[in-house]
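Each chain, letter by letter, is given below.
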Amino acid sequence: MDCPNCGVYNPEGRQVCWRCDHELPKPEEPKKQGADAARRRRQMWILVGVILLIWVLLTWLLPQLLSGGPALTP
Ligand SMILES: [Zn+2]
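Remember, it's a predicted structure, so these values are computed and weren't measured experimentally.

Asks: Explain the overall build of the protein to me, using residue names and the numbers behind them.
Replies: Along the backbone of the protein there are 1 helix and 0 strands. Within the protein, the fraction of its 74 residues that count as buried is 3%.

Asks: An account of unusual backbone geometry is requested, with residue identities and associated values reported.
Replies: Although it is not a glycine, Asp21 sits at a positive phi angle of roughly 60 degrees. Relative to the helices and strands, Asp21 resides in the segment before α1 (30-66). Residue Asp21 is classed as exposed on the basis of its 10 C-beta neighbours within 10 Å.

Asks: Give me the lowdown on the environment of Leu24, citing residues and values where you can.
Replies: Note on placement: Leu24 falls in the segment before α1. What makes Leu24 partly exposed here is the crowd of 18 C-beta atoms within 10 Å. It is 7.2 Å that separates the C-alpha atoms of Leu24 and Pro4, two residues lying 20 residues apart in sequence. Dropping the residues within four chain positions of it, Leu24 is found in contact with Met1, Cys3, Asn10, Arg14, Gln15, Val16 and Cys17.

What counts as what
Residues numbered from 1 in each chain as written. Predicted model: local features only at pLDDT ≥ 70, side-chain atom pairs only at ≥ 80, totals over all residues. Helix = DSSP H or I, 4+ residues; strand = E, 2+ residues; numbered from the N terminus. Buried ≥ 20, exposed ≤ 12 C-beta atoms within 10 Å, placed from the backbone. Contact = placed C-beta atoms within 7 Å.

Laid out in structure tokens, this is it:
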């Protein structure tokens, strides 16, 4: 990146300018935040899946099990 003070080029990873010792701005790390957001989104979908599974069990499977087999056939 270029030094904000004197404008000379500095290689990535340097904390101060090699020419004027001006402190260089730290490079942003959007990758880490993106991975965090992706993990949170995945956890949310897993939670939605579990809730859906419980809902199916409670509304459809459980009454069939409690009635002792398929309730529709006489
Ligand atoms: Zn500089």
